[in-house]
Amino acid sequence: MLARAAENLYWMARYLERAENTARLINSTTHVLLDLPHGASFGWANLVEIAGLDSLFKKNYPQADEQAIMRFLIEDTDNPSSILSCVQYARENTRTLREVLPAEMWERINSLYLYVRENAAIACRSRRDRYMVLNNIIEQRHAIIGLVSGTMAHDIAYQIIKLGRNVERADMTTRILDLNSAVQFPEDSVLHETLMERVWMSTLNSLSAYQTYRRLVSMRVRRSDVIKFLLHDMRFPRSVEHCLSEIENCLRVLPRSNQLIHIPTQLRHDLAQRSTENLSVAELHLYLDRLQADFGVVHTALTQHYFHAYSDGDNPDKKSQTEIEFTK
Amino acid sequence: MKLASDEYSNLTAYDELLDHNLHPRPVARPLFDYLNSLDEKELSARREAVEATIMAMGITFTIYSESGNIDRAWPFDPIPRIMGRSEWDRIQAGLKQRLTALNLFINDLYNEQKIIKDGVFPAEVLTGSGNFRPQCVGITPRFGVWAHICGTDLVRDRDGTVYVLEDNLRVPSGVSYMLENRQIMKRIFPEVFRTTNILPVDDYPTQLYQTLAALSPRSGSQPVIAVLTPGIYNSAYFEHSYLAQQMGAYLVEGSDLIVGSDDVVYMKNISGMERVDVIYRRIDDNFLDPEVFNPDSQLGVRGLMRAWRNGKVGIANAPGAGVADDKVVYAFVPQMIRYYLDQDPILANVPSYLCMYDDQRDYVLANLDKLVVKPANESGGYGMIIGPRATPEERAQFAKLIRANPRNYMAQPTLDISTAPTLVDGKLAPRHLDLRPFVLQSDKLYATTGGLTRVALRKGSLVVNSSQGGGSKDTWIVEEGDQ
């Protein structure tokens, strides 16, 4: 597979995953808000902050109210991570990839794009419309994943898609975990414990993890258990360890990966040994930040090794296939 | 015919589906039985379904501008253009005959030039050719074939005669729309496919693959085939990616390829360099190789001509094939067929006047108000004048151009090209159309079943180009025994 096509494919997978995750995050946040008592507050601006988009947001929007933030996250094409932007980039990338993807894939992604383009403004109109539109986006994205796993040859292109999806997913799981530090309660609230439970429930919900958690871990939603589940549980496909192990699996199949497979492996070992249950809010925040930086390292290594391996003027005589395989 | 618009009462052109009494021609009867069973509401529901399908299939033109990229749906008319098989068989034979002669001609021009020495083709036409590539002299590509993919434009005049309007031998496009048009029709009008025996069109990608594979320099292994595109900003990008997908070929840009000192073309893959055997190039000669042609080209591949000349890669169409894609050369195709094949041309040329000859130029200048005058080397309708529709000032201006460079101009009578019923505001109105079949040649010859029908959607217009208000129709070749 062409290095350039592989890069487009990797980004297509990341954009689609990001669009879906943003949709989930908004829906579950809206949901939990409805359960918060008067006096408890949740800054919508935190949604923008965990996505790492606060400076761009502040530049373009005078006020951080719900409506502005929804427009920014859903339909603003000046925000490269808005749902509309992500779907648009994914579609543009797919246009260049039709020959490596199942024929229906283009039609599916094109339809998703047309749907988001038509409905992004509607989603920003009211909470009810928003829920419906975002839910449809999530469902259409699931149809795309189904198409990939059910009809696509499990070839190099398939591995690259999985790679992009899991890098993005690991990153997003840490960001969603981080969201809870944003919820503030009145100090003296007698309901504190119940409320906290609600908030963590929403965290699980936004990752479609609530039911699995209850089945596999506990009926009680406890902070320490949720953190452990989302970081470490290998049975859950959105846990960070699971994502890292998927990245390793992809690399095992991809050609000439022996020089970089140690990066995710090392990361996963470090994470597995780290006890996270008793981290304070501030410590957890720092740790999640570090994990995000580590995913950045994985991303850069993939990009340099596979997508940008050929600088201008490369001569195949000097860099034959075997040499690429064995030189460092 | 209850759906026929009033415009039909003034029609002088030949209509493909309706006779002069507005009765369906025999090949179109089952279609009209079906159409007549629909009311206007049902008909417009189908039309909306067509548009939704086109959007979902993403068959669009992208217009790139500073204010953003606008996707325009591929303009499609749901009423098909229908032709009987017996007529089509004759046309198909004519297309193959024509491409065979054209390839013999190109190969002769780059080698012995016997046709010039024998006085059949004038040397001065060659001298004035903008598409003759001296870099190709002395080369004989495999099978002696230069133009592997040809898009021939056909039109029908008032008396029913089908003429060849031009031979597109450079990078003709449109075949993907031919294939997609049939997909749309199958989705929206599955019922009609039961009542008429419509010949399928979908073997084109396989035929194209085989045509290209036959050019591979390596025998025995499955060849690595790449479609070379100028990139996503090219208006035909949709087709490039579509064909690559259909053939299971790679879609590459110039920067993805590199020619080694062994003259082999390699592709920059994530697993390392991989050898490319055949390139279906969709960029013009001039941008193909900065080492030989335009040195500023960012689209091509340095050393590609070297690789081709040394037989390390097959290129379709071969560089230099465009020499026969010239409206003056066109006028000599009937002579070429007689000269190389010793046969009479099956398909007629439109009578042409070459301004390089004094007597013919005088005639053209005296009859500018009746003629269409075209420049030799342009395509897409650029730089031409339709005499009857031009102002006296425009004609005077054009006469100057002709006198200044007579070799570059040829003229033809204005044809009253045929129409077919086209859905306009719930009625069927006559709209002018042409037909572009695609013809393939390497070790074998192949012509599509039908082709791409392009239709001028504006009333009275003769311009079928999609950039100028043209659309397209599905083209049916039907077995007449079933009628």
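Please refer to the structure higher up on the page.
The structure displayed is predicted, hence computed values, not measured ones. (Residues numbered from 1 in each chain as written. Chains lettered and ligands numbered in written order. Predicted model: local features only at pLDDT ≥ 70, side-chain atom pairs only at ≥ 80, totals over all residues.)

When you go through chain A residue by residue, the secondary structure sums to 15 helices and two strands. Against the globule reference of 20 Å for 328 residues, chain A gives a C-alpha radius of gyration of 21 Å, in line with a compact fold. Taken over the C-alpha atoms alone, chain A extends approximately 75 × 45 × 40 Å along its principal axes. Here chain A, with 328 residues, has 45% of them falling under the buried criterion. When contacts within chain A are restricted to residue pairs at least 6 apart in sequence, those whose partners lie at least 24 apart make up 69%. (Helix = DSSP H or I, 4+ residues; strand = E, 2+ residues; numbered from the N terminus. Rg over C-alpha atoms; globule rule 2.2 N^0.38 Å. Buried ≥ 20, exposed ≤ 12 C-beta atoms within 10 Å, placed from the backbone. Contact = placed C-beta atoms within 7 Å.)

If you look at the interface, chain A gives 27 residues, while chain B gives 26 residues. Counting residues per element, the ones that place at least two in the side of chain A that touches chain B are helix H1 (3-33), helix H6 (103-123) and helix H15 (321-326) of chain A. When residues of the side of chain A that touches chain B are assigned to their parent elements, the largest contribution, six residues, is made by H6(A). Here the residues of the side of chain A that touches chain B sort into 13 nonpolar, six polar and eight charged. (Nonpolar A, V, L, I, M, F, W, Y, C, P; charged D, E, K, R; others polar.)

A:Ala6, A:Leu9, A:Ile83, B:Ile106 and B:Ala226 are the most contacted members of the largest nonpolar core, which totals 227 residues. Broken down by element, the residue count for this core peaks at 14 residues, all from H1(A). Other than its neighbours up to four places away in sequence, A:Ile83 contacts A:Ala19, A:Thr22, A:Ala23, A:Leu73, A:Ile74, A:Val116, A:Ala120 and A:Ile137. (Core = buried A, V, L, I, M, F, W, Y, C linked by C-beta atoms within 7 Å.)

Our focus in this paragraph is the sheet that holds strand E6 (residues 225-228) of chain B. All names here are of chain B. Pairing is parallel in the open sheet, where four strands are placed in the order E7-E6-E11-E12. Across the chains shown, the open sheet's two edge strands, defined by having one partner strand only, are strand E7 (250-252) and strand E12 (314-316). In this sheet, adjacent strand axes meet at a mean angle of 25° when their direction is disregarded. Where E6 lies against E7, three bridges are found, and the strand directions are parallel. What sits directly across from valine 227, in E7, is leucine 251. The strands that helix H8 (residues 204-213) touches are E6, strand E11 (278-281) and E12; relative to E11, the one it contacts most, it runs at about 125°. (Pairing = 2+ DSSP bridges. Axes fitted to C-alpha atoms, helices over the stretch in contact; angles between N-to-C directions.)

Moving on: the sheet that holds strand E15 (residues 371-375) of chain B. Residues and elements named next belong to chain B. Read across the open sheet, the four strands follow the order E14-E17-E15-E16; overall the sheet is antiparallel. Among the strands making up the open sheet, the edge pair consists of strand E14 (353-354) and strand E16 (385-386). Summarising the sheet, E14 and strand E17 (residues 409-413) pair through two bridges and their orientation is antiparallel. Bridge pairing in E17 places leucine 354 opposite methionine 410.

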